[in-house]
Every structure is written in C-alpha cells, then in structure tokens.
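The residues making up each chain are set out below.
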Amino acid sequence: MIHKDNGFPYYLQIYQEIRERILTRNYLPGQPIPSENELVREFEVTRATVRNALKKLQNEGLILTEKGKGSYVNQPKIEQSLFKFYSFGRDHSELNKNSVLLGVEEEQNIEAQKALNLPGDQPVKRITRIRRLDDLPVIIENSYIPSFLVPDIETYDLESLSIYDLLENTYGCRISRAKEFLDTCLTDHDDSELLEVDEGMPVFLIKRITFDLKDRPIEFRESVIRSDKFTFSVDLKLR
Ligand code: 16G
C-alpha cells in the first residue's frame, strides 16, 4: 500500500491514506479507526511510524484519541460563511442547539464603551451566554449593549431569544450591518472549563460591532469559538 522507494516519508503516506479514507467516508464520524497494531500489520511499518501518522491526524482534528481506547473519527466541522450576518438561533437548523445564560450585568467596560462610542459614564449591559450544539458547549459569548437602549433586557428569556430579534422587535433598533474582527487565542483556565476543552487549546476570537440604520454602533460582541467545531469560509469571486 505504501511506496517504500519514492523518498516520501512513510508516516506522511499513511497519514494521507487514512485522511482519504475519512474524507471519502470509508471511516465514518464517531466510528473507530483500526488499532495501532492493525495499522502496523496493514502498512508493514514500525509502531513509531504509525504513531506519527496518527499524531498528525489528531493535530488536525480529524481523529480523536482516547488513552487505552484507540482513535475514532471526529465529527466534521460546521462551516460558517464569514459573509453572512447569521444568527445562531436560525442557523445550524439540523443540529440540536441551545443557549445557557450565565448572567446579565450592568457595568463599565472600557473596550465595549470604546467600540460603542459611549462616553465613560454610560454603562453597558453585558449578557454572557454559552451556546451549545448537540449538547457540547461551542461558543462563549459576551454581548455588550448600551444600557439606555435595552433598560430591561434581563427580564426576557435570553436562553431562547435571539438578541438581534430582541433589539429589532422589542427595542426598535434596526440593524444595518456588522463589522467583525477574526483572531485566534488560547483558552485560559475559565474558558477551557466552560468549553470543556483542555486549557491552552487554540480557539477563534471574534469581535463584532453591530450598527443600526443610522450607522450607530448598538452592540459589541466578543465570542470565543471552538476551532475543533467550526471552520470559517469565504467565497471569493472575480466578477
Ligand atoms: C452565534 C453566531 C453568530 C451569530 C449569533 C447570533 C457562530 C460561530 N456565531 O454567536 O454569528 O450572530 O450566534 O446570536 O455561529 P443571536 O442568537 O442572539 O441572534
């Protein structure tokens, strides 16, 4: 199965072969892949070579490995277009989703106040939610809105309602556009507990400012998003 004389490292050939079996759904999401011993026999290589191949698949999130239990195929990531002003509530319709409200606080927050063009004495409401997909926590979301726009937002069911729907339908703010900044960071202790991942895992950090029809900023949102669950895509068109 692998070419021993073409100079291409054995572990990369095995990695490519297993990767292909996953992408062509020969090995299905959630299903185990052959054990190390089986792969050693199939490819006629050393165990160290097989381990290197598996490590690369693991690093890329294609397989998950549990000590003593072997490796299985990870679920494919959810694709999000960067060019769509999507709503968590309305998207991912085929998945079982819910939000857990961690709290609503009125506070002074310099970064949010700056993003929202608010003078220092104008407080914001911070709404913190964990967004879950298929029973896994996938996003930690902090939404900051000038308090005067949403004086009683804490009285609404923020676990089921979309904040954008509330802004539009309850508070009369018409949304026109949003600007997003996409970054990465590593999870700290608290984030890793909330997202149920290892501390220090790379995650996306998206900051968004949402504007109303008069181009006034009305919301600043900071989302920490699991990079093993989401992939962001952009369609590039020439004309
Ligand atoms: C999620 C979405 C975000 C969307 C927001 C809607 C991802 C990665 N992010 O954070 O794009 O705008 O939900 O919030 O899916 P809403 O449910 O309050 O309208």
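Bear in mind that the values here come from a model prediction, so they are computed numbers and not experimental data.

Chemist: Could you clarify how one ought to interpret the sheet that holds strand 9 (residues 217–226) in this entry?
Modeler: Sheet strands pair by backbone hydrogen bonding; their relative direction is either parallel or antiparallel. Ordered in space as 4-5-6-9-8-7, the 6 strands form an open sheet in which the pairing is antiparallel. Bordering the open sheet on either side are strand 4 (97–107) and strand 7 (175–186), each of which pairs with just one other strand. With direction set aside, neighbouring strand axes in the sheet form an average angle of 15°. Examined bridge by bridge, strand 5 (residues 124–133) and strand 6 (residues 136–146) share 10 bridges and lie antiparallel to one another. Each residue of the ladder has a partner; that of Arg 129, found in strand 6, is Glu 141. Here helix 5 (residues 163–170) sits on the sheet and contacts strand 5, strand 6, strand 7, strand 8 (202–212) and strand 9; the angle it forms with strand 9, its principal contact strand, is near 165°.

Chemist: How should the pairing of strand 2 (residues 70–73) be read in this particular structure?
Modeler: Every other side chain in a regular strand lies on the same face of the sheet, so the side chains alternate between the two faces. Side-chain alternation along strand 2 places Ser 71 and Val 73 on a buried face and Gly 70 and Tyr 72 on a face that remains uncovered. Alignment of strand 1 (residues 63–66) against strand 2, held across 4 bridges, turns out to be antiparallel. Bridging across to strand 2, Glu 66 finds its partner in Gly 70.

Chemist: What am I meant to see in the domain arrangement of the chain here?
Modeler: Where interface size is quoted, it is often the accessible area lost as the parts come together. By domain assignment, the chain separates into domain 1 (10–73) and domain 2 (78–233). If you average the C-alpha positions of domain 1 and of domain 2, the two centres end up 37 Å apart.

Chemist: Any chance you could explain a nonpolar patch on the surface here in plain terms?
Modeler: Where nonpolar side chains cluster on the molecular surface, the patch consists of Phe 83, Val 234 and Leu 236 and spans about 380 Å² of accessible area. Tracing the chain through its elements places Val 234 in the segment after strand 10 (230–233). Assessed through its relative accessible area of 38%, Val 234 is described here as partly exposed.

Here is what the cut-offs are and how they apply
- Residues numbered from 1 in each chain as written.
- Predicted model: local features only at pLDDT ≥ 70, side-chain atom pairs only at ≥ 80, totals over all residues.
- Heavy atoms only, no water.
- Pairing = 2+ DSSP bridges.
- Helix = DSSP H or I, 4+ residues; strand = E, 2+ residues; numbered from the N terminus.
- Axes fitted to C-alpha atoms, helices over the stretch in contact; angles between N-to-C directions.
- Contact = heavy atoms within 4.5 Å.
- Buried < 20%, exposed > 50% of the residue type's maximum accessible area, 1.4 Å probe, protein only.
- Domains from an automatic or database assignment.
- Patch = residues over 30% accessible without salt bridge, like charges linked within 9 Å, V, L, I, M, F, W, Y side chains within 5 Å.
- Areas by Shrake-Rupley, 256 points an atom, 1.4 Å probe, with all protein chains shown as cover.
- Salt bridge = Lys/Arg side-chain N within 4 Å of Asp/Glu carboxyl O.

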